[in-house]
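Examining the three-dimensional arrangement
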Amino acid sequence: MSDTSIRDEAKGKFVINFSAGPAKLPASVLAHAQKEMLDHQDTGVSVMEMSHRSSEFSKILNSAEHKLRDLLAIPQNYKILFLQGGGTGQFSAVPLNLLPLKPSLSADYLVTGSWSAKAAQEAEKYGTVNLVVPKTKKYTSIPDPSTWKLNPEASYFYYCANETIDGVEFQYIPEINGVPIVCDMSSNMLTRHLDINKFGLIFAGAQKNIGCAGVTLVIIREDLIGLAMKICPVIFDYQIQAGNNSLYNTPPTYGIYIMGLVFNWIDEEGGVKKMEENSIKKSNLVYNLIDSSEGFYHCPLDKDCRSRMNLPIRIGSLQGHETLEKQFSEEATKTGYLQLKGHRSVGGIRVSLYNAVTVEETEHLVGFMTAFMERNRHVLTS
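Residues numbered from 1 in each chain as written. Predicted model: local features only at pLDDT ≥ 70, side-chain atom pairs only at ≥ 80, totals over all residues. Heavy atoms only, no water.

On to the environment of Val 351. Within the secondary structure, Val 351 sits in strand 12 (residues 349–352). Overall, Val 351 belongs to the buried group, its relative accessible area being 1%. It is 26 Å that separates the C-alpha atoms of Val 351 and Lys 135, two residues lying 216 residues apart in sequence. The residues touching Val 351, leaving out its near neighbours within four places in the chain, are Phe 18, Met 309, Asn 310, Leu 311, Ile 313, Leu 340 and Leu 365. (Helix = DSSP H or I, 4+ residues; strand = E, 2+ residues; numbered from the N terminus. Buried < 20%, exposed > 50% of the residue type's maximum accessible area, 1.4 Å probe, protein only. Contact = heavy atoms within 4.5 Å.)

Laid out in structure tokens, this is it:
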């Protein structure tokens, strides 16, 4: 049974969730969790009520860690942490733990969207932030690396691999001359192959591609652990969390369980390689329609940084046609295509194509978009 048909049968209606997050989960994962909701593997209890100190939960936690290490080929000198606080919590945790790597207590921040801008603003509370590129009102491109103003004494270099709101995605890993690279991968984790060795630290909120809201994944090189500022809250201290295998305090146990199921699903589907192939197919379906729509649909981004995960779209022009965009969102929702309205800060339409969204579902959406364009093209020419 396909992922789509499982969900259709459960809901009794046609629904495809294109939410930017919390996002769609694989239907087979939801079905598995439903089956074990009251009794996890004959333990007599739900994972929701299972002690985080129990041997049963230790198996869940260790299984999730081992599966992730296999999926991303994570070297043994990197710790995997399952924390709370979301990506926003890491905006504080990263500087609190890593700024002391150098006496200057400074860090380079490459701001290419709303989330990296917020991360830089938060880091300013604890040290000096060097903005690698000048501030801008709109985020539609990634400035050429030759224009970046890097600080050789920076403790780390920070960037966001995919900006969920603005739709800017890096198609490469920056080369930063030995300075530890910190990357927010909240919205494109496990969607492409990575050389983990190029990073000092990666973090990701789970609620996009790798699970449900409540868990924040941190992958950190061991030599970067142990220098946290004295003011660092204990739950954000990487040394304490790593030393306790993410169990210093009660972790988001059910979220970790769901995350482990998603890791298993990715493995069964063909691993990260298959997720990357699907991401390219799905995003190309939508972008090809935009580019061939003769100005009905527009994407405000430079083509070399168009996100495969979060696709911002305007109708009629780069400024958008308010009436048609409102009509599009309303008709899409009535048809069963959910959460396509753009973020309130940028407007328009946003299509999120995370791992659980299938190629078939994307084809359904493109069919709807094509039909909407054919019915309404006259509005732009009248």
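Among the surface-exposed residues, Val 234, Ile 235 and Tyr 248 lie close enough to one another that they form a single nonpolar patch of about 240 Å² accessible area. A relative accessible area of 40% means that Tyr 248 is categorised as partly exposed. (Patch = residues over 30% accessible without salt bridge, like charges linked within 9 Å, V, L, I, M, F, W, Y side chains within 5 Å. Areas by Shrake-Rupley, 256 points an atom, 1.4 Å probe, with all protein chains shown as cover. Salt bridge = Lys/Arg side-chain N within 4 Å of Asp/Glu carboxyl O.)

Negative phi characterises most residues that are not glycine, and trans characterises most peptide bonds. Here the bond from Gly 21 into Pro 22 is cis, since omega is -5 degrees, no more than 30 degrees from zero. When you line up the elements, Pro 22 lands in the loop between strand 1 (16–17) and helix 2 (27–35). Of note, Leu 105 is a non-glycine position whose phi angle comes to about 50 degrees, a positive value. With respect to the element layout, Leu 105 can be found in the loop between helix 4 (86–98) and strand 3 (106–109).

Let us look at empty space enclosed by the protein. Scanning all chains against the criterion turns up two cavities of 30 Å³ or more. In this structure, the largest cavity is lined by Phe 82, Leu 83, Gln 84, Ile 235, Phe 236, Gln 241, Ser 246, Asn 249, Pro 251 and Pro 252. Roughly 50 Å³ of volume is contained in the second largest cavity. Together, Lys 24, Leu 25, Pro 26, Lys 208, Asn 209, Ile 210, Gly 211, Val 262, Trp 265, Asn 355 and Ala 356 line the second largest cavity. Of the residues that constitute the lining of the second largest cavity, the class distribution is six nonpolar, three polar and two charged. (1 Å grid on protein atoms, 1.4 Å probe; cavity = no way out; pocket = protein on both sides within 12 Å on 5 of 7 lines; lining within 4 Å. Points joined across faces, edges and corners; volume = space filled by probe spheres on them. Nonpolar A, V, L, I, M, F, W, Y, C, P; charged D, E, K, R; others polar.)

A word on the UniProt feature "domain: Aminotransferase class V" (unreviewed entry) in the protein. UniProt's entry tags residues 16–365 with the feature "domain: Aminotransferase class V" (unreviewed entry), counted in the numbering of this structure. Annotated as residues 16–365, this span is 33% helix and 14% strand, and its ends, taken at the C-alpha atoms, are 9 Å apart. (UniProt positions renumbered as here; feature names shortened; annotations may be inferred.)

Moving on, we come to the packing of helix 2 against helix 7 (residues 253–269). The interhelical angle for the contact between helix 2 and helix 7, taken along N-to-C directions, is 135 degrees, at an axis separation of 10 Å. Relative to helix 7, the element helix 2 lies oblique. In this structure, the crossing between helix 2 and helix 7 has a hand that is right-handed. Where helix 2 approaches helix 7, its residues Ser 28, Val 29, His 32 and Ala 33 are matched on the opposing element by Tyr 254, Tyr 257, Ile 258, Leu 261, Val 262 and Trp 265. A class-by-class count of the residues in the contact of helix 2 with helix 7 yields eight nonpolar, two polar and no charged. (Axes fitted to C-alpha atoms, helices over the stretch in contact; angles between N-to-C directions. Parallel < 35°, antiparallel > 145°, perpendicular 65-115°, else oblique. Left-handed = near helix turned anticlockwise from the far one by under 90°.)

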